[in-house]
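The primary structure of each chain is shown beneath.
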Amino acid sequence: MSDTRLVYSTDDGDQRRRQPTTGREAPALPRDGVVRIFREKGNRGGKTVTVVRGLPPRDLDAVAADLKRLCGAGGSAKSGAVEIQGDHREKIAARLTAQGYSVKLAGG
């Protein structure tokens, strides 16, 4: 009895997992000088994070430190955005408006 159908092999592995996976990328924002403040929960274990996009790259670290202090929360400045733990959109919008930025609340 010659059964040529392959039953099990470790040579190639699972082909479904071979497809390149891209991380969640931020949507492309228009470069109109408006700072947009998003509330996101996706890919964060159900935790809410406030994300500020559209700031000039030279201001990211200073603004991140100021906003973390204002909100009393952790956060970081990475990949062109400032992420603050928790939902602090209104506080952040008020602070950035007072600093002279044009601000819009975006997203859910």
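Starting afresh in each chain, residues are numbered from 1 along the sequence in its written order. Local features are withheld for residues below a pLDDT of 70 in this predicted model, meaning they are given only at 70 or higher, and side-chain atom pairs are given and counted only at 80 or more; totals for whole chains, interfaces and linings count all residues. Excluding hydrogens and water, the side-chain values take into account all heavy atoms of the structure.

Visitor: What's the story with the overall build of the chain in this structure? I'm lost.
Guide: Each helix corresponds to a stretch of at least 4 residues labelled H or I by DSSP, and each strand to a stretch of at least 2 residues labelled E; elements are numbered beginning at the N terminus. Within the chain, the secondary structure is distributed over two helices and five strands. For the chain, the N- to C-terminal ordering of α and β elements is β-β-α-β-β-α-β. Relative accessibility thresholds used throughout: buried, under 20% of the residue-type maximum; exposed, over 50%; partly exposed, between the two (1.4 Å probe, protein chains only). Looking at the chain as a whole, 28% of its 108 residues are labelled buried. Contacts are assigned to residue pairs that have any heavy atoms within 4.5 Å of one another. Considering only residue pairs separated by 6 or more positions, the chain has 47% of its internal contacts joining residues 24 or more positions apart. Only the protein chains shown count as covering a residue, and every accessible area follows the Shrake-Rupley method with a 1.4 Å probe. Just so you have it, the chain exposes about 7,800 Å², and 47% of that area is on carbon and sulfur atoms.

Visitor: Would you mind going over the packing of helix 1 (residues 60-71) against helix 2 (residues 89-98) with me for this structure?
Guide: Helix-helix packing is described using two parameters, namely the angle between the two axes and the distance between the axes. With axes taken as lines fitted to C-alpha atoms, and helix axes fitted only over the stretch in contact, angles between N-to-C directions fall between 0 and 180 degrees. Closest axis-to-axis distance for the helix 1/helix 2 pair is 10 Å, and the angle between their directions is 130 degrees. When the axes of helix 1 and helix 2 are compared, the pair comes out oblique. For helix 1 against helix 2, the interelement crossing comes out right-handed. Seen from helix 1, the contacting residues are Val63, Asp66, Leu67, Leu70 and Cys71; seen from helix 2, they are Lys91, Ile92, Arg95 and Leu96. Looking at side-chain class alone, the contact of helix 1 with helix 2 contains six nonpolar, no polar and three charged residues. For classification purposes, an angle smaller than 35 degrees is called roughly parallel, one larger than 145 roughly antiparallel, one from 65 to 115 roughly perpendicular, and anything else oblique. Definitions for this section: a left-handed crossing has its near helix turned counterclockwise from the far helix by less than a right angle. A right-handed crossing has that turn clockwise. Ten residues, namely Ala, Val, Leu, Ile, Met, Phe, Trp, Tyr, Cys and Pro, are considered nonpolar, four, namely Asp, Glu, Lys and Arg, are considered charged, and the remaining ones, Gly among them, are considered polar.

Visitor: What's the story with the sheet that holds strand 4 (residues 81-85) in this structure? I'm lost.
Guide: Hydrogen bonds between backbone atoms are what pair the strands of a sheet, whose relative direction is either parallel or antiparallel. Paired strands, in this sense, are two strands between which DSSP finds at least two bridges. Pairing in this open sheet of five strands is mixed, and the strands run 3-4-2-1-5 from one edge to the other. Two strands close off the open sheet at either side, each with one partner strand: strand 3 (75-78) and strand 5 (102-105). Recorded for the sheet is a direction-independent mean angle of 20 degrees between the axes of neighbouring strands. Strand direction decides the pairing type here: strand 1 (residues 34-40) and strand 2 (residues 49-53), joined by five bridges, are antiparallel. Each residue of the ladder has a partner; that of arginine 39, found in strand 2, is threonine 50. Lying over the sheet, helix 2 contacts strand 1, strand 2, strand 4 and strand 5, oriented at roughly 165 degrees with respect to strand 1.

In short, the description is geometric, and any link to function would need to be established separately.
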